[in-house]
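Single-letter residue listing:
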Amino acid sequence: MNTSRDDQQLQTEWYRVSSRLKAEIGDTAFENWVKPISVSGLEGSEVRLGVPSRFMRDWVKANYLDRLKELWAGENENVHSVQVRIVPKSKVQASEETGQDDQPAETAPGPAPATGWSAGSDISAPLDSRFIFSKFVVGKPNEFAYAAARRVAEAPSVPFNPLFLYGGVGLGKTHLMNAIAWEIQQRDPTRTVMYLSAEKFMYRFVRALREQNTVDFKDQFRSVDVLMIDDVQFIGGRDATQEEFFHTFNALVDQGRQIILSADKSPSDLEGVEERLKSRLNCGLVADIHATTYELRLAILESKAEQIEIDAPQKVLEFLAHKITSNVRELEGALNRVAAHTQLIGRELTLETTQEVLHDLLRANDRRVTIEEIQKRVAEHFNIRVSDMHSARRARSVARPRQVAMYLAKQLTSRSLPEIGRKFGGRDHTTVMHAVKKVDELRDHDSTFAEDVELLRRMLEG
Ligand code: ADP
Ligand code: MG
């Protein structure tokens, strides 16, 4: 059994290893494959990692194991190997939360009343008592999504169908999804809620096909009161799964069951998704979670600091809210890291220690802006689709924002003109050059426009 100190050390190492890996493989792959990994412990020189499924284990082993080993050895020279095992998810959460590895904490949902979860008990993901409404900090960027989420969770009937929540990585989609499921169960344990990731949905479906068991599969999904699927962007491009999803979706809507979905893009921007499905997804309420503002980040930090019971000076929190602008997950990670570090070393939590502990993360945040992010923010700002950044449309309403995005890409990244052109639907470098000139000109003559650009620049720089 690990002492909690060793455990914390291990968690700190894992934090560093996974942050590095994230920088190498990108956010999406990280979200899918690395984030679900939990650290079970250290046995001799072997680190034991847990993942929730065989599918994931195989994938992680095939793609990331060697790199994980290297990175870990870089953090702790005593580590010589890394093993990945399947750990049922409820166990992972229980041990993370309470430090025990058997029963879920008292506040956790537990194995649910026989009625409530019967339909999907083996498929539905266990709920997490940390991700509930009362622990979600509401601010301008997420108030609409929050209100919509509360509404579906509290309404006795179906207020809008589907509810489609979307937003960038780490902005609270899963938190809200979990909170909805939790709230519905609290209010009426007889309602069957099935909550799972799109990946799991696909995995189940593929397995059902293989085992020639699709009838059961369909019945399972179609007999629930509330179907919730997280990260539906992963359904794109897989025709059979999409087809099945579409039918399940229609069947449930026809029966007046509630469907709640989340994704990292709006329905219209989902890639590889058929038009008829997109328009179906657009039928209910679409609510987006915007990138965080400084105020929201600070409020979240204050709330988290209270939750983990650390006495963080306001200055430190303000510093973090200024510097870690990417998303809430990183923000939380940074706070945890500083807290763990100061507790471990027994040092006072000051601005200096914070800068010291987080120097790599702070550096990464400094040069984080990517062309994709610029395109996304600019599209949001001007209310156009991200896909219009790549499209051939020349209407001023899309051409101008596209030029602004090119301009900002030139200003804020180290990419060359041809590289930037390529990222904008394969345009020529002269087009980018022209855009930069045009935006410069406009800035000189139109102060509102200049302010817009300036605002975007500041937002992107954090
Ligand atoms: P997503 O699913 O959008 O990638 P998550 O829901 O997993 O993001 O959120 C990442 C982390 O940030 C979680 O620990 C979550 O609790 C936290 N978080 C995000 N938004 C908020 C918020 N508004 N208030 C409190 N915690 C938040
Ligand atoms: Mg999520």
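Residues numbered from 1 in each chain as written. Chains lettered and ligands numbered in written order. Predicted model: local features only at pLDDT ≥ 70, side-chain atom pairs only at ≥ 80, totals over all residues. Heavy atoms only, no water.

### Quick notes on the site of ligand 1
Here comes step 1: Around ligand 1 there are 20 residues in total, and Val 137, Gly 170, Thr 174, His 175 and Arg 329 lie nearest to it.
Here comes step 2: At 2.8 Å from a nitrogen atom of ligand 1 is found a main-chain nitrogen or oxygen belonging to Val 137.
Here comes step 3: The contact in question runs from a nitrogen atom of ligand 1 to an N or O atom on the side chain of Asn 142, over 3.3 Å.
Here comes step 4: Its free accessible area being 560 Å², ligand 1 has 96% of it covered by the protein chains.
Here comes step 5: For the shell around ligand 1, the secondary-structure elements that each account for two or more residues are helix H7 (173-187), helix H12 (294-307) and helix H14 (328-345).
Here comes step 6: Classifying every residue of the shell around ligand 1 gives 7 nonpolar, 6 polar and 7 charged.
Here comes step 7: Shared between two domains, the shell around ligand 1 takes at least three residues from each, and those domains are domain 2 (133-289) and domain 3 (294-365). (Near = heavy atom within 4 Å. Polar contact = N/O pair within 3.5 Å; in protein donor to acceptor, adjacent residues only side chain to side chain. Areas by Shrake-Rupley, 256 points an atom, 1.4 Å probe, with all protein chains shown as cover. Helix = DSSP H or I, 4+ residues; strand = E, 2+ residues; numbered from the N terminus. Nonpolar A, V, L, I, M, F, W, Y, C, P; charged D, E, K, R; others polar. Domains from an automatic or database assignment.)

### Focus on helix H2 (residues 27-34)
An α-helix turns once every 3.6 residues. As a result, residues three or four positions apart point the same way.
Here comes step 1: Of all 8 residues that make up H2, 6 are buried, and the element is covered over most of its length.
Here comes step 2: Considered for burial, the residues of H2 that qualify are Ala 29, Phe 30, Glu 31, Asn 32, Trp 33 and Val 34. (Buried < 20%, exposed > 50% of the residue type's maximum accessible area, 1.4 Å probe, protein only.)

### Let's talk about the packing of helix H17 (residues 371-382) against helix H21 (residues 447-461)
Here comes step 1: H21 packs onto H17 with a crossing angle of 135° between their chain directions and a minimal axis gap of 11 Å. Accordingly, the angle class assigned to the pair H17 and H21 is oblique. Helix-helix and strand crossings are classified by hand; for H17 and H21 the assignment is right-handed. From H17, Glu 373, Ile 374, Arg 377, Val 378, His 381 and Phe 382 reach across to H21, where they touch Asp 452, Leu 455, Leu 456, Met 459 and Leu 460.
Here comes step 2: Residue classes in the contact of H17 with H21 are distributed as 7 nonpolar, 1 polar and 3 charged. (Axes fitted to C-alpha atoms, helices over the stretch in contact; angles between N-to-C directions. Parallel < 35°, antiparallel > 145°, perpendicular 65-115°, else oblique. Left-handed = near helix turned anticlockwise from the far one by under 90°. Contact = heavy atoms within 4.5 Å.)

### Here we look at the sheet that holds strand S7 (residues 258-263)
Strand pairing within a sheet occurs via backbone hydrogen bonds; the two strands may be parallel or antiparallel.
Here comes step 1: Within the open sheet, the 5 strands sit side by side as S5-S6-S7-S4-S8. Their pairing is parallel. Each end of this open sheet is capped by a strand with a single partner; those strands are strand S5 (193-197) and strand S8 (285-289). The mean angle between the axes of side-by-side strands here comes to 15°, regardless of whether they run parallel or antiparallel.
Here comes step 2: Pairing of strand S6 (residues 226-230) with S7, which is carried by 4 bridges, proceeds in the parallel orientation. Note that in S7 the partner of Leu 227 across the bridge is Ile 259.
Here comes step 3: The strands touched by helix H6 (residues 143-154) within the sheet are strand S4 (163-167), S7 and S8, with S8 carrying the most contacts at an inclination of about 135°. (Pairing = 2+ DSSP bridges.)

### Some details on empty space enclosed by the protein
Here comes step 1: Inspection of the entire model under this criterion finds 1 cavity of 30 Å³ or more.
Here comes step 2: In this structure, the largest cavity spans a volume of roughly 40 Å³.
Here comes step 3: If you trace the largest cavity, you find it lined by Val 232, Ile 235, Phe 245, Leu 270, Val 273, Leu 277 and Leu 281.
Here comes step 4: Along the lines of polarity and charge, the residues of the lining of the largest cavity split into 7 nonpolar, no polar and no charged. (1 Å grid on protein atoms, 1.4 Å probe; cavity = no way out; pocket = protein on both sides within 12 Å on 5 of 7 lines; lining within 4 Å. Points joined across faces, edges and corners; volume = space filled by probe spheres on them.)

### Some details on the pattern of salt bridges
Here comes step 1: In total, this model carries 24 salt bridges according to the counting rule given.
Here comes step 2: In this structure, the salt-bridge partner of Arg 187 is Glu 183, at a minimum N-O distance of 2.9 Å. Here Arg 187 pairs with Glu 183, and both are found in helix H7, just 4 residues apart, close to one helical turn.
Here comes step 3: The exposure class of Glu 183 is buried, given its relative accessible area of 16%. (Salt bridge = Lys/Arg side-chain N within 4 Å of Asp/Glu carboxyl O.)

### Some points on the nonpolar core
Here comes step 1: Residues Phe 133, Leu 163, Leu 165, Leu 176, Ile 180, Met 228 and Ile 260 are the most contacted members of the largest nonpolar core, which totals 29 residues.
Here comes step 2: Every element with two or more residues in this core is listed here: H6, S4, H7, S5, S6 and S8.
Here comes step 3: Looking at which element gives the most residues to this core, the answer is H7, with 7 residues.
Here comes step 4: Dropping the residues within four chain positions of it, Ile 260 is found in contact with Val 152, Leu 163, Met 177, Ile 180, Val 226, Leu 227, Met 228 and Ile 229. (Core = buried A, V, L, I, M, F, W, Y, C linked by side-chain atoms within 4.5 Å.)

### A look at the confidence of the model for the protein chain
Here comes step 1: Mean pLDDT for the protein chain: 84, with 90% of residues reaching 70 or above.
Here comes step 2: Segment residues 90-121: pLDDT under 50, and 53 contacts once partners within four positions in sequence are set aside and those in other chains are kept. (pLDDT = per-residue confidence, 0-100.)

### Remarks on the packing of aromatic side chains
Here comes step 1: Enumeration over the complete set of coordinates arrives at 9 aromatic pairs.
Here comes step 2: Arranged with centres 4.6 Å apart and planes meeting at 55°, the rings of Phe 217 and Phe 221 form a pair that is tilted. Pair noted here: Phe 217 and Phe 221 are both in helix H9 (residues 214-222), with a separation of 4 residues, about one helical turn.
Here comes step 3: Taking the relative accessible area as the measure of exposure, Phe 217 reaches 3% and is therefore buried.
Here comes step 4: Centroid distance Phe 245 to Phe 249: 6.1 Å. Interplanar angle 55°. Geometry classified as tilted. Placement of both Phe 245 and Phe 249 in helix H10 (residues 239-254) is noted, with a separation of 4 residues, approximately one turn of the helix.
Here comes step 5: Given the relative accessible area of 2%, Phe 249 is considered buried.
Here comes step 6: Taken together, the aromatic side chains of Phe 201, Phe 217, Phe 221, Phe 245 and Phe 249 make up a single cluster linked through ring pairs.
Here comes step 7: Lying across the ring of Phe 30, Lys 22 places its NZ or CZ 5.0 Å from the centre. (Phe/Tyr/Trp six-rings, centres within 6.5 Å; stacked < 30°, edge-to-face > 60°. Lys NZ or Arg CZ within 6 Å of the ring centre and 35° of its normal.)

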